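The primary structure of each chain is shown beneath.
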Amino acid sequence: MSTMFKILQLRINSGCGKRLLGTLAAKEAGHYDVIIGGGGLVGTSLLVSLAKNETLCNKKILMLEGASEYKPQSRSKFSNRVSAINKQSVQLLKSVNAWDFIESIRYKPVMEMQVWDAISGESINFNHPNFSDSVACIVENDLMLEGMYRQLNDLLNVRIMNEAKIDYCLLPKDGAEKSEVTLKSGEKFTCDLLVGADGFNSTIRKAMDVNNYTVMYKQMGVVATLELDTSEYSGNTIAWQKFLSTGPVALLPLTDNLSSLVWTTTYDHARELLKMDPSEFVNALNEAFSKDYRKSSVVNNVMKFVDTVSPFKSNQMLLMPPKVLNVQDGSRAQFPLGFGHASSYACKGAVVIGDAAHRVHPMAGQGVNLGYGDVLKLTEVLSEATYNGSNLNDIQYLLKYEQERLKANLPIMLGVHALQRIYCNDFTPLVLARSLGVKFTNSVPPLKRFFMERAMA
Ligand SMILES: Cc1cc2nc3c(=O)[nH]c(=O)nc-3n(C[C@H](O)[C@H](O)[C@H](O)COP(=O)(O)OP(=O)(O)OC[C@H]3O[C@@H](n4cnc5c(N)ncnc54)[C@H](O)[C@@H]3O)c2cc1C
């Protein structure tokens, strides 16, 4: 059988009570209130969030995922896919009860972040005053998924189909009465609202016929799990990111002596990094972090001069990150990086969320955070529509979702895209301008706080 069905639970409720029917004895077989296309972090979080919402828990929801059935990963090793998540994302995971599970297994609060420019040496660091709170939490993507999947046993009217690749969709704008999804296998489903959570190549976004502005950065993100000598940084609570002209190299803490790597670099260099034997790879990494790339005397002299005359003084001292001792076997992998933004997130009968709507460079750790923000807003708007007796595909509510999320996502998307352009460059005037910008931001606490709060909200 090419398509594997998994009916986790199909219950028809009286209110939100549970009356387990166990079969698809629904009003119309094949029709759902909501179909979510794509069961990555963002699609799965929407499934749990809708199903746990008091106003929406009577709705029948189907999630279609092209990959095979999710299986929890072994915990003997750390996964190489991790995310730096902000307070709002932790809040979402708490609201669907997934955070208790993550907390019981592992996650790492980051108390400080140092970001610096390899060419000018100018640095900025982010932390709460007196280290009173974390600036982000590092969580393995698998653990977030497992935490959410564990909630499904208690959910009502939720169905997940794996190996269910969406082939094409018809929407009310194409003349269809309801949104209609056809799988590669030929099976068809209809729904009131189709949600595209199917990643940056979204089939659902294409069916919505919206423009999608894309840029391929011609960069790969090389990830790995690293063992560090943290003798000078007890607790390993600092995240490090150094901007090289080929892209940033970052260490995200996982435990007292393990960190996760995201090294953005050219295609050719990424290929080389993956081929190197472990000791060569570790040497290349230590060199990238420790090598002095300051070669422009113009930049050096201007920055020194600014230091002597500027009324804004910061006590910023450039710290050296811990030395990398080893790379864990089999943990190296690479992912293509790009920018994408849909011109619209909603049309009658369909919306897009997560990477299907916006894809951003991982340098600022914002991708899944923006996606979780979409999930919170869409849940709120659909709940409001239902409470007011409107249909889930009422365009008035869907446009409200779109407007609110455009307002939140666009400044971050554009800011990160601009940073990518400004930093992956060693043109002297640009290096000078960005270094002066960093110096100024670092020495004016309200400005620094503004950036910090936007990124960590
Ligand atoms: C190296 C790297 C590091 C990152 N670090 C961070 C970080 O620290 N913090 C952060 O916030 N973000 C980070 N991100 C970004 C983050 O990983 C993504 O934004 C997030 O995973 C997107 O989730 P998604 O569910 O929207 O999309 P995806 O993860 O792409 O999921 C889409 C799902 O849809 C399924 N699918 C696709 N097409 C179909 C179809 N036709 N039919 C059915 N199913 C389909 C796929 O199988 C997949 O499961 C990072 C990204 C990279 C590459």
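Residues numbered from 1 in each chain as written. Predicted model: local features only at pLDDT ≥ 70, side-chain atom pairs only at ≥ 80, totals over all residues. Heavy atoms only, no water.

1. Structural notes on the overall build of the chain
Summing up its helical and strand segments, the chain has 12 helices and 21 strands in all. Residues counted as buried form 54% of the 457 residues belonging to the chain. Excluding contacts between residues fewer than 6 apart, the proportion of contacts in the chain whose partners are at least 24 apart in sequence is 76%. Of the roughly 20,000 Å² of accessible surface on the chain, a fraction of 53% belongs to carbon and sulfur atoms. (Helix = DSSP H or I, 4+ residues; strand = E, 2+ residues; numbered from the N terminus. Buried < 20%, exposed > 50% of the residue type's maximum accessible area, 1.4 Å probe, protein only. Contact = heavy atoms within 4.5 Å. Areas by Shrake-Rupley, 256 points an atom, 1.4 Å probe, with all protein chains shown as cover.)

2. Concerning the packing of helix α1 (residues 41-51) against helix α4 (residues 141-149)
Interhelical geometry of α1 versus α4 gives an angle of 20° and a closest axis separation of 10 Å. One finds that α1 runs roughly parallel with respect to α4. Classified by chirality, the crossing of α4 by α1 is left-handed. Facing L41, T44, S45 and V48 of α1, the residues of α4 in contact are N141, M144, L145, M148 and Y149. Tallied by class, the residues present in the contact of α1 with α4 amount to 6 nonpolar, 3 polar and no charged. (Axes fitted to C-alpha atoms, helices over the stretch in contact; angles between N-to-C directions. Parallel < 35°, antiparallel > 145°, perpendicular 65-115°, else oblique. Left-handed = near helix turned anticlockwise from the far one by under 90°. Nonpolar A, V, L, I, M, F, W, Y, C, P; charged D, E, K, R; others polar.)

3. Here we look at the site of the ligand
In the vicinity of the ligand, 30 residues are found, and the nearest of them are E65, A84, I166, D355 and V368. V42 has a polar backbone atom sitting 3.0 Å from an oxygen atom of the ligand. A84 is positioned such that a nitrogen or oxygen atom in its backbone is 2.8 Å from an oxygen atom of the ligand. Its free accessible area being 1,000 Å², the ligand has 84% of it covered by the protein chains. Counting only elements with at least two residues in the shell around the ligand, the list comes to α1, β4 (82-85), β18 (333-342) and α9 (367-387). Looking at the shell around the ligand residue by residue, the classes come out as 13 nonpolar, 12 polar and 5 charged. Shared between two domains, the shell around the ligand takes at least three residues from each, and those domains are domain 1 (4-73 + 152-214 + 338-415) and domain 2 (82-144 + 218-335 + 427-456). (Near = heavy atom within 4 Å. Polar contact = N/O pair within 3.5 Å; in protein donor to acceptor, adjacent residues only side chain to side chain. Domains from an automatic or database assignment.)

4. What to know about empty space enclosed by the protein
Per the stated rule, a full pass over the model turns up 1 cavity of 30 Å³ or more. The wall of the largest cavity is formed by F78, R106, Y107, K108, I138, V139, E140 and L254. Among the elements that make up the lining of the largest cavity, the one with the highest residue count is strand β8 (residues 136-140) (3 residues). (1 Å grid on protein atoms, 1.4 Å probe; cavity = no way out; pocket = protein on both sides within 12 Å on 5 of 7 lines; lining within 4 Å. Points joined across faces, edges and corners; volume = space filled by probe spheres on them.)

5. Examining the sheet that holds β8
Within the open sheet, the 3 strands sit side by side as β4-β8-β5. Their pairing is antiparallel. Pairing within the sheet leaves two strands with one partner each, and these edge strands are β4 and β5 (108-110). Along the sheet, successive strands turn relative to each other by an average axial angle of 25°, direction set aside. With 3 bridges joining them, β5 and β8 adopt antiparallel strand pairing. Looking at the pairing, V110 lines up with A136 of β8. The strands touched by α4 within the sheet are β4 and β8, with β8 carrying the most contacts at an inclination of about 80°. (Pairing = 2+ DSSP bridges.)

6. Describing the pattern of salt bridges
Counted under the stated rule, the structure contains 13 salt bridges. Where K87 meets D133, a salt bridge forms, and the shortest distance between an N and an O atom there is 3.4 Å. Here K87, found in helix α2 (residues 87-95), pairs with D133, found in the loop between β7 (123-127) and β8; they are 46 residues apart in sequence, far enough to count as distant. For D133, a relative accessible area of 31% gives the class partly exposed. Measuring nitrogen to oxygen at the nearest pair gives 2.9 Å for the salt bridge that ties K400 to E384. Taken together, the residues span a long stretch of sequence, with K400 in helix α10 (residues 395-423) and E384 in helix α9 at a distance of 16 residues. Classification of K400 by relative accessible area gives partly exposed; the value is 31%. E384 sits in the partly exposed class, given a relative accessible area of 27%. Shared partners join several salt bridges into a network, and the residues in it are R75, E146 and R150. (Salt bridge = Lys/Arg side-chain N within 4 Å of Asp/Glu carboxyl O.)

7. Let's talk about the packing of α2 against helix α3 (residues 98-105)
The relative placement of two packed helices is expressed as an angle between their axes plus a distance between the axes. Two elements in contact, α2 and α3, have axes whose closest approach is 5 Å; the angle formed by their N-to-C orientations is 105°. When the interaxial angle is binned, α2 and α3 end up roughly perpendicular. Residues V90, L93 and K94 of α2 form the contact with α3, whose own contacting residues are A98, W99 and I102. The residue inventory of the contact of α2 with α3, partitioned by class, reads 5 nonpolar, no polar and 1 charged.

8. Comments concerning the environment of E122
Here E122 shows up in the loop between β6 (112-117) and β7. E122 gets classed as buried once you look at its relative accessible area, which sits at 14%. Here the alpha-carbon distance between E122 and M317, two residues 195 residues apart in the chain, equals 9.5 Å.

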